Amino acid sequence: MEKTMALLEIKNLHASVAGNQILKGINLTINPGEVHAIMGPNGSGKSTLSNVLAGNEAYEKTQGEILFQGKNLDDLAAHERACAGIFLAFQYPVEIPGISNMYFLKAAVNAVRESRGEEPLDAMDFLDLVEEKKKMVQIRDDLLERAVNSGFSGGEKKRNEIFQMAMLEPRLGILDETDSGLDIDALRIVSDGVNALRGSDRGFLVITHYQRLLDYIVPDFVHVLVNGQIVKSGGKELALELENEGYASWNGEQQ
Amino acid sequence: MNLAELRKKAEMEFSANGFPTTREELWRFSDVSPVANAVFSNDWKPSELEFQSLEGSLVVVFENGKLSREKSNLGNLPEGVRIGSILDFPDPRIGSLAGTQSAFVAANTARFSDGLWIEVDDGVQLETPIHLIHLADLDGAAFHLRNFISVGENASATLVEEYVGEPFYWTNTVTECFVADRGLLDRYKIQRESPSAFHFQTLEARLGAEAVFSNHAVTLGSRLGRDDIRAKLAGRGGEAICNGLYLLNGKQHFDTHLFVDHAVPECNSHELYKGILDEKAHAVFCGRILVRQDAQQTDAVQSNRNLLLSRGAKVNTLPQLEIYADDVKCTHGATIGELDEQALYYLQTRGIDPVQGQAMLTGAFANEVLDEIRCAPFKAYAEERVRTWLEGVAK
Ligand SMILES: Nc1ncnc2c1ncn2[C@@H]1O[C@H](COP(=O)(O)OP(=O)(O)O)[C@@H](O)[C@H]1O
Ligand SMILES: [Mg+2]
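Residues numbered from 1 in each chain as written. Chains lettered and ligands numbered in written order. Predicted model: local features only at pLDDT ≥ 70, side-chain atom pairs only at ≥ 80, totals over all residues. Heavy atoms only, no water.

Peer 1: Break down the interface of chain A and chain B for me, citing the residues and quoting the values.
Peer 2: Between chain A and chain B, the contact holds 31 residues from the first and 16 residues from the second. Both faces combined, the contact of chain A with chain B buries some 1,800 Å², and carbon together with sulfur accounts for 69% of it. Among the residues chain A hides against chain B, the three largest losses belong to H79, F90 and V94 of chain A. Together they make up 28% of the total. Counting across the interface, chain A meets chain B through one salt bridge. Among the salt bridges present, the one from R350 of chain B reaches E161 of chain A, with a minimum N-O distance of 2.6 Å. The interface formed by chain A and chain B contains eight residue pairs in polar contact (both at pLDDT 80 or more). Broken down by secondary-structure element, the contributors of at least two residues to the side of chain A that touches chain B are α1 (46-54), α2 (78-84), β6 (86-89), β7 (96-100), α3 (101-115) and α6 (154-168) of chain A. Per element, the largest residue contribution to the side of chain A that touches chain B is six residues, and it comes from α3 of chain A. A per-class count over the side of chain A that touches chain B returns 23 nonpolar, seven polar and one charged. (Contact = heavy atoms within 4.5 Å. Buried area = accessible area lost by both parts, 1.4 Å probe. Salt bridge = Lys/Arg side-chain N within 4 Å of Asp/Glu carboxyl O. Polar contact = N/O pair within 3.5 Å; in protein donor to acceptor, adjacent residues only side chain to side chain. Helix = DSSP H or I, 4+ residues; strand = E, 2+ residues; numbered from the N terminus. Nonpolar A, V, L, I, M, F, W, Y, C, P; charged D, E, K, R; others polar.)

Peer 1: If you had to explain the pattern of salt bridges to someone new, which residues and values would you point to?
Peer 2: Residues and elements named next belong to chain A. Within this structure, the stated rule accounts for 44 salt bridges over all chains. A salt bridge links K157 to E95, with the shortest nitrogen-to-oxygen separation between them at 3.0 Å. Of this pair, K157 sits in helix α6 while E95 sits in the loop between β6 and β7, placing them 62 residues apart in sequence. The class of E95 is partly exposed, set by a relative accessible area of 35%. Here K133 and E132 are joined by a salt bridge, their closest N and O atoms 3.6 Å apart. (Buried < 20%, exposed > 50% of the residue type's maximum accessible area, 1.4 Å probe, protein only.)

Peer 1: I'd like a rundown of the environment of V59 of chain B, residues and numbers included.
Peer 2: Residues and elements named next belong to chain B. Looking at the element boundaries, V59 is found in strand β1 (residues 58-63). Here V59 falls in the buried class, since its relative accessible area comes to 6%. Distance from V59 to L132, taken between C-alpha atoms, is 5.9 Å for residues 73 residues apart in sequence. When residues no more than four places from it in sequence are discounted, the contact partners of V59 are F51, S53, K71, S72, N73, L74, H131 and I133.

What follows is the structure, encoded as structure tokens:
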């Protein structure tokens with residue numbers, strides 16, 4: 001009873017997509033303030049896990065339980081999870097022609113505020129917030145005026161994801177291969193942005209294929225996901241081990 | 001042939017031939033038998049409908065097919081501008097563009113009882129938009145309205161037409177537009193007819209050298225309707241713009257038939273039509289561009305994009321390019337798609353509920369057409385009507 005409540009508790013999670021069982025019994029607990037990394041080969045189910053957490057209806061949870069701040073997520077739709085404080089930075093952010101980034105962000109910020117019973121931000125306060133947050137990821141003004149992710153480079157899309165996360169201030173940030181497609185400078189900027197958001201009441205699930213990102217966003221725990229299961233957990237040194245040995249041995253063991 | 005003779009001929013043709021059937025090529029997807037089978041009255045009564053004019057406009061109100069001088073505001077027209085009832089201005093050009101080319105035009109030519117007449121003299125810039133409001137609330141009536149618009153050389157004008165009514169009636173309008181050399185006419189239409197009404201409109205425009213004619217149609221109403229929009233580029237360097245947005249639900253059926261005739265060299269035409277359809281709505285878009293042999297250096301662009309929000313909704317889109325000149329630039333594209341589920345999910349993961357998300361996405365789709373509207377008060381008005389409609393179908 002003395003223990004503080006976990007931010008996220010995943011118990012024996014099984015999930016399928018398009019009729020295929022992808023997640024096969026995942027257990028994971030993230031406490032406030034912790035950064036957990038999930039590493040795994042392509043196709044192991046990393047994006048599936050992030051989509052199941054975010055509430056994508058194309059993914060079906062077939063067994064197990066997900067508790068967010070002690071509350072079962074089953075009955076919450078994606079937007080309700082976002083309002084509750086779950087943020088997914090996508091591996092492949094979606095382009096939305098015709099909706100400007102600013103208009104979109106204002107709608108998002110005010111939707112989240114409204115769900116908390118707060119007044120919507122007016123134009124001035126919203127701009128102040130943008131000014132404050134855009135520095136974190138060095139996002140250019142012209143990207144704010146452009147349609148959401150439309151014609152953005154890979155790196156600009158990823159920065160935009162972190163910018164949105166900074167604007168929405170979630171409790172749990174899920175970063176799905178945010179490092180893919182980033183050069184070293186962009187990787188540093190994005191990592192600095194994430195590190196600035198670290199705090200005692202916020203947790204992160206950092207999904208990556210490569211160890212490199214974890215030099216910048218140093219995790220408290222590392223988990224190895226292979227074929228829909230966490231096959232090993234450890235501290236940050238586990239990432240280096242994987243970097244040297246690769247996933248091959250794990251893949252082998254699964255057969 | 002003078003107008004009286006033309007009207008007699010039109011009555012004879014219409015009586016003899018009646019309405020088109022779906023066996024005719026141009027009416028293949030449009031069953032107008034509900035109009036053909038209905039019986040309409042020629043009664044008249046004043047309208048009880050409320051209306052609101054666009055800010056700063058010259059308002060002209062037709063109630064149940066008749067010009068209302070009391071409700072209109074035509075007291076202080078600028079010099080060189082004449083606006084009134086077509087019955088008071090027997091211009092010899094009336095009937096020269098539209099006579100009997102379809103049953104609907106013939107019926108109108110034979111039976112029109114009133115209509116708007118506008119003449120803007122050479123060199124006169126009419127900055128104030130003219131807001132033409134048709135109020136219809138006479139159950140079972142047919143309204144044959146005949147409009148005539150003449151914009152002189154180096155002159156300009158903006159016309160906004162609004163159609164609104166209840167419950168059951170048939171609006172059948174024909175508009176003839178002449179835009180002289182270097183003249184400019186921007187015409188906007190917002191069609192908010194009753195959901196059980198019929199709305200048919202034929203527009204014939206003839207453009208002089210370096211003249212600009214733009215037509216923007218926002219369609220929300222009527223159970224069965226059709227726009228026939230025909231622009232003839234008859235002088236070098238002319239430009240015709242035909243844009244439209246149709247938002248349909250229930251069992252609405254709406255057709256758009258464009259015909260742009262490039263008769264001389266160095267003219268441009270642009271057409272952007274977009275549709276959003278829900279439930280069992282059906283739209284037809286037929287965009288014909290004719291580039292005659294002489295019309296070298298023609299630049300013609302046509303695009304028709306449709307968004308279907310339900311499985312029952314349907315669109316037939318038929319671009320038709322006929323090109324007889326060799327030095328031309330002509331492109332066209334047509335698409336029929338669904339709401340982008342990935343985009344909707346993306347918005348949702350940022351806290352935006354699916355109802356608002358759908359309204360945002362459909363709004364973005366519609367905005368491309370609305371952004372082309374140059375008349376600011378009409379743009380604001382159309383945006384508000386469109387937003388209300390989109391929020392309604394998102395629920
Ligand atoms: N929407 C989907 N439809 C069908 N199969 C999918 C879908 N999403 C993921 N999968 C399948 O699930 C498996 C895991 O994919 P994913 O979670 O994207 O892996 P990772 O992110 O680890 O590379 C793959 O075999 C992939 O083909
Ligand atoms: Mg992935």
